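# Reading the structure
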Amino acid sequence: MSRAVRPFVPQERNLHVFAAFASSFLRRWSWSVCLLVLLWAWSVAAQARLPEPPEVAARAYLLLDVTTNQVLAARDPDMEVEPASLTKLMTAYLVFDALRSRRITLEQTFTVSERAWRMPGSRMFIEPRMQVPVEDLLKGMIVQSGNDATIALAEGVAGSVERFVELMNQQARALGMTRTRYLNPEGLTAPGHVTTARDLSILASRLIKDFPEFVPYYAIQRYRYPGTPAANDMNRNLLLFRDPTVDGLKTGYTAAAGYCLVATARRQFGGLGEGAAGERRLLSIVLGAASENARAAESQKLLNWGFSAYEAVRLFAPGQPVAEPPVWKGQAATVKLGRSEGVVVSVPAGQAANLRTEVLRTDPLVAPLQKDQPLGTLRITTAAGEPVSEVPLFVLETVREAGFFGRLWGAIRLWLQ
């Protein structure tokens, strides 16, 4: 008689008891485990989620944190549009550069030409053959958006409007404004005279950084040249009258462009320090709004959102080394890498603790290395690996080349590595 033989399973009864216990435990606690997993997943997603920008009633817009050079929000930033009088930002940039290089002075006078006097649109109301100081022409262009003042400045700086327009386009290319083309200095409608919100953010932020001594002109609320109409004295940037933190920059309007505004505000941010070091500047570009009041309201909305939805975090103080990698064949063993202005980044409010940093550089580093020489990049990400910003690093202190024996020893060590 044959009989099936059951294989032997050690401690079989104990295994059945354990399986029954585990099944009961999972049925009882599985909902808690699932809830914990869901809460963890929601927390991670919340950290990675960027703040939702407000609805902006305009054709295109962009919000830039000038302090950190980060775009916080944008819609159609590369759409080509007519710049209208926002063109005068580039005109001002070239005039400021001429003043900085002492090719002209604020006290110097320019003659008002017939061409300048005949300009349509916004005007300073200066007459032909008048001798007007450069400073007054600047105020007329910036505060009153005077097309006549703009042409007088262009002719005075470059000799002719046509030559000045050439300089405008050259400067646009030098700044990296790849989608901008200028056909005049004042911004009246002309086929092919175009820019974008992104290009305007490049121009405006560079104007602020390159010529801080001239930025106060954009905060002037009222100005008129003696003998001109008193009713023509008000700056068209309504935010200058509504928000004390706003200090510029420029309005624009044509029928084709709609109502446009490049606005900038600076506010104290405790996490950055006291005084000027604690100031944070945002820049908003609103293009193609429906009215003068709408462009101001939409710009104010963007600025307020940017200051509240994002916080500025100082990762490294001015001049503080970010890294000190080894140097070969140098008089010093290491080189200090950092930024003279420090490193500040913008992150969604409450997420500063989640930042991670990584220094990217090409090794080996061989002396000599000069102060302010670009050398490496600081990559900043969230804990989840999402990119936040990348900033170039520079040599903080010169590392001179070692003597003959030092170089020889360095070459041997480098070869052996």
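Heads up: the structure comes first, above all this text.
Residues numbered from 1 in each chain as written. Predicted model: local features only at pLDDT ≥ 70, side-chain atom pairs only at ≥ 80, totals over all residues. Heavy atoms only, no water.

## Quick look at the overall build of the protein chain
Defined as follows: The numbering of helices and of strands both runs from the N terminus, where a helix is a DSSP run of H or I of at least 4 residues and a strand a run of E of at least 2. Between buried and exposed lies partly exposed: a residue is buried under 20% and exposed over 50% of the maximum accessible area for its type, with that area taken using a 1.4 Å probe on protein chains only. Should any heavy atoms of two residues lie within 4.5 Å, those residues are considered in contact. Note on areas: Shrake-Rupley, 1.4 Å probe, and residue coverage restricted to the protein chains presented here.
Across its full length, the protein chain carries 10 helices and 13 strands. The burial tally for the protein chain puts 45% of its 417 residues in the buried class. Counted over contacts in the protein chain with a minimum sequence separation of 6, partners at least 24 positions apart contribute 64%. When the accessible area of the protein chain is evaluated, it comes to approximately 21400 Å², of which 56% is carbon and sulfur surface.

## Notes on the packing of helix H5 (residues 147–158) against helix H6 (residues 161–175)
Rules: Between N-to-C directions, angles cover 0 to 180 degrees, with each direction set by a line fitted to C-alpha atoms, over the stretch in contact for helices. The scheme is simple: roughly parallel for angles under 35 degrees, roughly antiparallel for over 145, roughly perpendicular for 65 to 115, oblique for anything else. Under the grouping applied here, Gly and all other residues not named as nonpolar or charged are polar, the nonpolar ones being Ala, Val, Leu, Ile, Met, Phe, Trp, Tyr, Cys and Pro and the charged ones Asp, Glu, Lys and Arg.
Relative to each other, H5 and H6 sit at 85°, their axes nearing to 8 Å. In terms of axis orientation, H5 runs roughly perpendicular to H6. Residues Ile151, Ala154, Glu155, Val157 and Ala158 of H5 lie in contact with H6, whose contacting residues are Val161, Arg163, Phe164 and Leu167. Across the contact of H5 with H6, the residue classes break down as 7 nonpolar, no polar and 2 charged.

## Points about the nonpolar core
Selection criterion: In this text, buried Ala, Val, Leu, Ile, Met, Phe, Trp, Tyr and Cys residues form a nonpolar core when linked through side-chain atoms within 4.5 Å.
Of all hydrophobic cores here, the largest spans 64 residues; its most connected members are Met90, Phe96, Leu137, Leu138, Leu283 and Leu287. Of all the secondary structure elements, the ones that give two or more residues to this core are strand S1 (60–65), helix H2 (88–100), helix H4 (134–142), H5, H6, helix H7 (197–210), strand S6 (258–268) and strand S7 (279–289). For this core, the leading source of residues is H2, giving 9 residues. Once residues within four sequence positions are removed from consideration, leucine 137 is found in contact with Phe110, Met124, Ile126, Val132, Ala149, Ala152 and Leu153. The next biggest cluster of nonpolar side chains, apart from the first, holds 24 residues, and it includes Ala73, Val246, Ala294 and Leu303.

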